[in-house]
There are 2 protein chains.
Amino acid sequence: MNQAKPILPEPHLSETEHQRAHFPDGLALDCGAVLAPVDVAYRTYGRLNAGRSNAVLVCHALTGDQYLAERHPLTGRGGWWEAVVGPGRPIDTDRFFVICSNVLGGCMGTTGPRSDMPGEGRPWGTDFPSITIRDMVRAQKLLVEHLGIDRLLAVVGGSMGGMQVLEWAATFPGMVFAAAPIATAPHHSAQNIAFDEVGRAAIHSDPDWRGGRYWEEPGLVPAKGLSVARMVAHITYLSEQALTRKFGRRLRGASALTFLEDVFEVESYLRHQGSTFVRRFDANSYLTITRAMDYFDLAAEHGGDLAAAFRNTRTRFFVASFSSDWLFPTEESRTLVRALNQAAANVSFVEITSDKGHDAFLLDEPEFHAALGGFLRGAAEKLGV
Amino acid sequence: MNQAKPILPEPHLSETEHQRAHFPDGLALDCGAVLAPVDVAYRTYGRLNAGRSNAVLVCHALTGDQYLAERHPLTGRGGWWEAVVGPGRPIDTDRFFVICSNVLGGCMGTTGPRSDMPGEGRPWGTDFPSITIRDMVRAQKLLVEHLGIDRLLAVVGGSMGGMQVLEWAATFPGMVFAAAPIATAPHHSAQNIAFDEVGRAAIHSDPDWRGGRYWEEPGLVPAKGLSVARMVAHITYLSEQALTRKFGRRLRGASALTFLEDVFEVESYLRHQGSTFVRRFDANSYLTITRAMDYFDLAAEHGGDLAAAFRNTRTRFFVASFSSDWLFPTEESRTLVRALNQAAANVSFVEITSDKGHDAFLLDEPEFHAALGGFLRGAAEKLGV
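Residues numbered from 1 in each chain as written. Chains lettered and ligands numbered in written order. Predicted model: local features only at pLDDT ≥ 70, side-chain atom pairs only at ≥ 80, totals over all residues. Heavy atoms only, no water.

**Some thoughts on the overall build of chain A**
Okay, so step 1: Along its length, chain A carries nine helices and 14 strands.
Okay, so step 2: The globule rule puts the C-alpha radius of gyration for 385 residues at 21 Å, and the 21 Å found for chain A is close to it.
Okay, so step 3: In terms of overall dimensions, chain A has C-alpha extents of about 65 × 50 × 40 Å along its principal axes.
Okay, so step 4: Evaluated residue by residue, chain A yields a buried proportion of 63% over its 385 residues.
Okay, so step 5: Across chain A, contacts joining residues at least 24 apart in sequence account for 70% of those joining residues at least 6 apart.
Okay, so step 6: Carbon together with sulfur atoms contributes 47% to the accessible area of chain A, which is approximately 13,700 Å² in total.
Okay, so step 7: Across chain A, the mean location of the 37 positive side-chain charges is 4 Å away from that of the 44 negative side-chain charges. (Helix = DSSP H or I, 4+ residues; strand = E, 2+ residues; numbered from the N terminus. Rg over C-alpha atoms; globule rule 2.2 N^0.38 Å. Buried < 20%, exposed > 50% of the residue type's maximum accessible area, 1.4 Å probe, protein only. Contact = heavy atoms within 4.5 Å. Areas by Shrake-Rupley, 256 points an atom, 1.4 Å probe, with all protein chains shown as cover. Lys, Arg positive; Asp, Glu negative; His and termini not counted. Charge placed at Lys NZ, Arg CZ, Asp CG, Glu CD.)

**Description of the UniProt feature "binding site: substrate" (unreviewed entry) in chain A**
All names here are of chain A.
Okay, so step 1: On the UniProt side, "binding site: substrate" (unreviewed entry) is annotated at positions that read Arg230 and Asp359 here. In summary, the annotated positions, though distributed over 130 residues, converge in three dimensions, the widest C-alpha pair being only 14.0 Å.
Okay, so step 2: If you trace the backbone, Arg230 turns up in helix H4 (residues 223-237).
Okay, so step 3: With near-sequence residues (within four places) excluded, Arg230 lies in contact with Thr63, Tyr237, Gln273, Gly274, Phe277 and Arg280. (UniProt positions renumbered as here; feature names shortened; annotations may be inferred.)

**Digging into the environment of A:Ala139**
Okay, so step 1: Its location among the elements puts A:Ala139 in helix H1 (residues 133-146).
Okay, so step 2: If we skip the residues at most four places from it in the chain, A:Ala139 touches A:Leu27, A:Val40 and A:Leu104.

**Looking at the side chain of A:Arg134**
Residues and elements named next belong to chain A.
Okay, so step 1: Inspection of the secondary structure assignment puts Arg134 in helix H1.
Okay, so step 2: Side-chain polar atoms of Arg134 contact the side chain of Asp30, separated by 3.2 Å.
Okay, so step 3: Among the polar contacts listed, one links the side chain of Arg134 to the side chain of Glu301, at a separation of 3.5 Å.
Okay, so step 4: With residues near it in sequence (within four places) discarded, Arg134 still touches Asp30, Glu167, Thr171 and Glu301. (Polar contact = N/O pair within 3.5 Å; in protein donor to acceptor, adjacent residues only side chain to side chain.)

**Digging into the interface of chain A and chain B**
Okay, so step 1: Taken together, the contact pairs 64 residues of chain A with 62 residues of chain B.
Okay, so step 2: Interface area, chain A with chain B, both sides summed: about 5,100 Å², of which 66% is carbon and sulfur.
Okay, so step 3: At the junction of chain A with chain B, the criterion picks out six salt bridges.
Okay, so step 4: The partner of A:Glu267 in a salt bridge is B:Arg200, and the shortest N-O contact between them spans 2.6 Å.
Okay, so step 5: For the interface between chain A and chain B, the tally reads eight residue pairs in polar contact (both at pLDDT 80 or more).
Okay, so step 6: Broken down by secondary-structure element, the contributors of at least two residues to the side of chain A that touches chain B are helix H3 (190-205), H4, helix H5 (240-246), helix H6 (265-280) and helix H7 (283-295) of chain A.
Okay, so step 7: Ranked by the residues each element gives to the side of chain A that touches chain B, the list is headed by H3(A), at 12 residues. (Buried area = accessible area lost by both parts, 1.4 Å probe. Salt bridge = Lys/Arg side-chain N within 4 Å of Asp/Glu carboxyl O.)

**Focus: unusual backbone geometry**
Okay, so step 1: Here A:Ala36 and A:Pro37 are connected by a cis peptide whose omega angle stands at -5 degrees.
Okay, so step 2: Positionally, A:Pro37 belongs in the loop between strand S3 (34-35) and strand S4 (38-45).
Okay, so step 3: Backbone geometry places B:Arg210, a non-glycine residue, at a positive phi of 55 degrees.
Okay, so step 4: Tracing the chain through its elements places B:Arg210 in the loop between helix H3 (190-205) and helix H4 (223-237).

**Focus: H1(A)**
Residue and element names in this part refer to chain A.
Okay, so step 1: The terminal C-alpha atoms of H1 lie 20 Å apart, and with 14 residues this matches the ideal 20 Å at 1.5 Å per residue to within 8%.
Okay, so step 2: The buried fraction of H1 amounts to 10 of the 14 residues, a majority that puts the element mostly inside the structure.
Okay, so step 3: When H1 is considered as a whole, its buried residues turn out to be Ile133, Arg134, Asp135, Met136, Val137, Ala139, Gln140, Leu142, Leu143 and Val144.
Okay, so step 4: Two residues or fewer past H1, Gly148 is found with a positive phi of approximately 80 degrees. (Expected span 1.5 Å × (residues − 1).)

**A closer look at the pairing of strand S14 (residues 346-352) of chain B**
In summary, the side chains of a regular strand alternate between the two faces of the sheet.
All names here are of chain B.
Okay, so step 1: Sheet analysis places strand S13 (residues 316-322) next to S14, joined by seven bridges and oriented parallel. Residue pairing for S14: Ser321 is matched across the bridge by Glu351.
Okay, so step 2: Traced from S13 through helix H8 (residues 330-342) to S14, the parallel crossover comes out right-handed. (Pairing = 2+ DSSP bridges. Right-handed = clockwise from strand over helix to strand, strands pointing away.)

**As for the sheet that holds S14(B)**
Residue and element names in this part refer to chain B.
Okay, so step 1: The eight strands are arranged S1-S4-S8-S5-S11-S12-S13-S14 in an open sheet whose pairing can be described as mixed. The open sheet is flanked by strand S1 (20-23) and S14, the only strands paired with a single partner. With strand direction ignored, the average angle separating the axes of adjacent strands in the sheet is 20 degrees.
Okay, so step 2: Most of the contacts of helix H1 (residues 133-146) go to S1, to which it runs at about 105 degrees, and overall it touches S1, strand S4 (38-45), strand S5 (55-59), strand S8 (97-101) and strand S11 (152-158).
Okay, so step 3: Across the face of the sheet, helix H2 (residues 160-171) comes into contact with S5, S11, strand S12 (176-182) and S13 while running at roughly 145 degrees to S11. (Axes fitted to C-alpha atoms, helices over the stretch in contact; angles between N-to-C directions.)

**Re the sheet that holds strand S5 (residues 55-59) of chain A**
Residue and element names in this part refer to chain A.
Okay, so step 1: The eight strands lie next to each other as S1-S4-S8-S5-S11-S12-S13-S14, forming an open sheet whose pairing is mixed. Looking at the sheet topology across the chains shown, the edges are occupied by strand S1 (20-23) and strand S14 (346-352). Strand-to-strand twist across the sheet, computed as the mean angle between neighbouring axes with direction ignored, equals 20 degrees.
Okay, so step 2: Packed on one face of the sheet, H1 meets S1, S4, S5, strand S8 (97-101) and strand S11 (152-158) and runs near 105 degrees to S1.

**Concerning the state of the cysteines**
Okay, so step 1: In this structure the tally under the stated criterion is zero disulfides over all chains.
Okay, so step 2: With no disulfide of its own, B:Cys59 lies closest to B:Cys100 among cysteine sulfurs, the gap being 7.4 Å. (Disulfide = S-S within 2.5 Å.)

**Some words on the relation of the copies chain A and chain B**
Okay, so step 1: Taken as rigid bodies, chain A and chain B are interconverted by a rotation of 180 degrees and an axial shift of 0.0 Å, the fit giving an RMSD of 0.0 Å. Each copy turns onto its partner about a two-fold axis.
Okay, so step 2: Of the interface residues in chain A, 97% have counterparts in chain B that sit at the interface too, so the contact is made through matching surfaces. (Least-squares fit on C-alpha atoms with pLDDT ≥ 70 in both.)

**Some remarks on the UniProt feature "active site" (unreviewed entry) in chain A**
Residues and elements named next belong to chain A.
Okay, so step 1: Under the present numbering, the feature "active site" (unreviewed entry) in UniProt falls on Ser159, Asp325 and His358. In three dimensions, the annotated residues from a span of 200 residues occupy one location, with a maximal C-alpha spread of 10.6 Å.
Okay, so step 2: Tracing the backbone shows Asp325 in the loop between strand S13 (316-322) and helix H8 (330-342).
Okay, so step 3: When residues no more than four places from it in sequence are discounted, the contact partners of Asp325 are Ala183, Gly357 and His358.
Okay, so step 4: Mapped onto the elements, His358 comes out in the loop between S14 and helix H9 (366-382).
Okay, so step 5: On the basis of relative accessible area, His358 is assigned to the buried category, the value being 1%.
Okay, so step 6: Excluding anything up to four places from it in sequence, His358 contacts Ser159, Ala183, Thr236, Tyr237, Asp325, Leu327 and Phe328.

**With respect to the side chain of B:Thr330**
Okay, so step 1: Of note, B:Thr330 is situated in helix H8.
Okay, so step 2: Leave out the neighbours within four places in its chain, and B:Thr330 touches B:Ser321, B:Phe322, B:Ser323, B:Phe349 and B:Glu351.

Structural data, given as structure tokens:
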């Protein structure tokens, strides 16, 4: 039943202490504003070598964060990419120095709508400037330089993380030896934008959003709207086959006909996804970051010519897609690969056969892990790491 | 911007006079309850011949209604299937007597959650019993018999209409000479259920839904929740190609970065779809009817054997799917055709190549229209109509 009590985040997001770098001068954003100061919250795994040449930056997806290979401080669950990052894993922390930072606009310690608006004594909220994927990358660059690293051995990420990888390679090519955009696309499609818009409409429709000023009442969050946004997004992360395998048409309990209770297991699962998400994510961050994804159009940033984004690049690329991913279908990766070929880039491409949908990049996919690991080992050898 | 004033339906749905048949004894429902009385609102087109042998029943989809081939009394727009039904059209009203009724549980004159609850002096609301697709068909059967028709030349419908076609053929085979289930499936998939559940969650989350009792305050409707439900459903009706062709990434106006305004044309379009829908549809009907779709599982009704639903059938079937329909993919129609073949039914199947997605069955698809028209002419000739 849906008339549940409002779900209050616990512990409150802002009560968590995150490891941060502070940049008082901030950043000049694509929208023309200067955002200052900027904090970038991050985690590192493994050790930076003496030559500072073994750093791998991992970029997270829409609802991910910097806790990619350790227990999450809010949820208590394992890191979101423990299948990929760790000792002996494809991104081998015995060999590489792995950096992951919360994106600009996020809610896990990096400056975002929940951060204090300077001089106002209140959070930015919806006054937080509109940001782009390129702005996220600029913030990451501040962090990388702060860590004393001139060039990243690799930048790796899936979904929105893959968009950041592409922006890194296009905007700071000299800093990226190897790039692995995974399960991503060089722009958000009309369908991607449409699904995001449903999520935003759900948040906007929640009276507890209060025009973005829910922070005026301590503990208030637009839990119902954010939960619906998460539910619809979650469907797009799974393939139809994955949903069928997981749930099919299995009923929860009695087969009694009722329209006020959850009847099918898939419904309970989605509701659970929605309600747990609300505990760890900020609604205004969700609005800000989905907008950044929608704006993303790498070709448009280069006069409509995607290949121009990579002209004269010396970065090595590894592009991977998953056969049942309908949010970022293989065809989008092919478009990217064609542009990279046109730019005479060094590129390898693999489509992984999987029925797990978009989320496959986060899951146990041995063929993908072997391919990514091989690519990184090859890059490291080439660079003499 | 989303902080719009609540949209009040105008004219109010209940103020419209619909043509109805009244059944004081009502219906025994699948859930065990008896619903009485039952009104069935309907429209007819063309003339019933002396032998009463030229009747074609058209079943509407989730948000359709009986106004399939004339100006809609609430929206003022043309009928939803004017491309298919009319003089000289595939369902030729010069030749056939076409019947279309609002489904049980609907909000255009047939008994549903908005109807008076007998003896209570208030609408049924969420006390309206859970109904099934088979219950909808039982109500249609009352109407068909009321019109003095023993056997339908054909039962035709797309999407949820196609589910009703299948129930007609399975439940009352002697009354159905020909059946045309279009862009449909013999059951709702986990993904279908999941999308429906997002829509229901959005309605439940709207405080103006008031636990289903919004009718207590005149003019109040859960407009925001119902609008979000319509938005997400609408995405599933279109293919990615159709969205891209219609809107691509076109910006609405200035390219200024903002996250409070609609930026992309596809967003405005979706919002418009949502807000106009609220004017013509009842939220509790939406809950009731989506549940009926989710329950639909024809094989489960026949011991898990889909072919058993059609055993010894003498009905002629025409099954059609559309190549870019990802809500009811062609594979679902193939499953149906295999079962019909197993039951030794007379069946023809066509997959129409179209990039218009699920909605193709409503649109200008000449190949589909030619095939459907040919099937109906063939059936009429066979029956000597």
